[in-house]
Amino acid sequence: MNEEIQRELDILQEAVNNEQTFEKKVAKAKKLWNSKGDAKGEKAFENVREVLYGLCVYEGLCNYCEQNEANDIEHIYPKSFFPTKAFL
């Protein structure tokens, strides 16, 4: 992952981490995740999806569950339980 994309993900995660309560962290993570931040954020999400796909054991199969398409980290660390990992 290149530096620019990592920086964008770090900015999104910092916005989540700066919230004061767990509930607010969850809400912020969901909001930013759903909006994908902005145009830069969308590019970052596309890059992350490509990296995750490259880690698949076979054509989009997740290394963990071996069933779901591995183009989204959400099923490993759900934002509702791990908001501080939403953009890591």
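Refer to the preceding data block for the structure.
Notes on the structure in this doc start here. If you're wondering where the values come from, they're calculated on a predicted model, not measured in any experiment.

1. Remarks on the overall build of the protein chain
Here is step 1: If you tally the helices and strands in the protein chain, you get 3 helices and 0 strands.
Here is step 2: When the helices and strands of the protein chain are placed in sequence order, the string is α-α-α.
Here is step 3: Every one of the 88 residues in the protein chain was classed for burial, and the buried ones make up 28%.
Here is step 4: Intrachain contacts of the protein chain at a sequence separation of at least 6 include 52% that bridge at least 24 residues.

2. Some points on the nonpolar core
Here is step 1: One finds Ile 5, Leu 9, Leu 12, Val 16, Ala 29, Leu 32, Trp 33, Ala 44, Phe 45, Ala 86 and Phe 87 forming the largest nonpolar core, which totals 11 residues.
Here is step 2: Where this core is concerned, the elements lending two or more residues are helix H1 (3–17), helix H2 (22–35) and helix H3 (39–54).
Here is step 3: In terms of residue count, H1 provides more of this core than any other element does, 4 residues in total.

3. Side note on the pattern of salt bridges
Here is step 1: Evaluated as defined, the whole model comprises 1 salt bridge.
Here is step 2: With a closest N to O distance of 3.9 Å, Glu 19 and Lys 28 form a salt bridge.
Here is step 3: Exposure remark for Glu 19: the relative accessible area of 23% places this residue in the partly exposed category.

4. Some details on the side chain of Gln 13
Here is step 1: By the element assignment, Gln 13 lies in helix H1.
Here is step 2: On the basis of relative accessibility, which here comes to 3%, the residue Gln 13 falls in the buried class.
Here is step 3: Apart from residues lying up to four places away in sequence, Gln 13 is in contact with Pro 83, Thr 84, Lys 85, Ala 86, Phe 87 and Leu 88.

5. Details of the environment of Phe 22
Here is step 1: Position of Phe 22 among the secondary structure elements: in helix H2.
Here is step 2: For Phe 22, a relative accessible area of 42% corresponds to the partly exposed category.
Here is step 3: Remark: the alpha-carbon pair of Phe 22 and Pro 83, spanning 61 residues in sequence, is separated by 7.9 Å.

6. Overview of the packing of H1 against H2
Here is step 1: Two elements in contact, H1 and H2, have axes separated by 8 Å at closest approach and are oriented at 150°. One finds that H1 runs roughly antiparallel with respect to H2. Touching Leu 12, Ala 15, Val 16 and Asn 17 of H1 are Lys 25, Lys 28, Ala 29 and Leu 32, all from H2.
Here is step 2: A class-by-class count of the residues in the contact of H1 with H2 yields 5 nonpolar, 1 polar and 2 charged.

Definitions and limits used
Residues numbered from 1 in each chain as written. Predicted model: local features only at pLDDT ≥ 70, side-chain atom pairs only at ≥ 80, totals over all residues. Heavy atoms only, no water. Helix = DSSP H or I, 4+ residues; strand = E, 2+ residues; numbered from the N terminus. Buried < 20%, exposed > 50% of the residue type's maximum accessible area, 1.4 Å probe, protein only. Contact = heavy atoms within 4.5 Å. Core = buried A, V, L, I, M, F, W, Y, C linked by side-chain atoms within 4.5 Å. Salt bridge = Lys/Arg side-chain N within 4 Å of Asp/Glu carboxyl O. Axes fitted to C-alpha atoms, helices over the stretch in contact; angles between N-to-C directions. Parallel < 35°, antiparallel > 145°, perpendicular 65-115°, else oblique. Nonpolar A, V, L, I, M, F, W, Y, C, P; charged D, E, K, R; others polar.

By themselves, these are just geometric observations and shouldn't be taken as functional.
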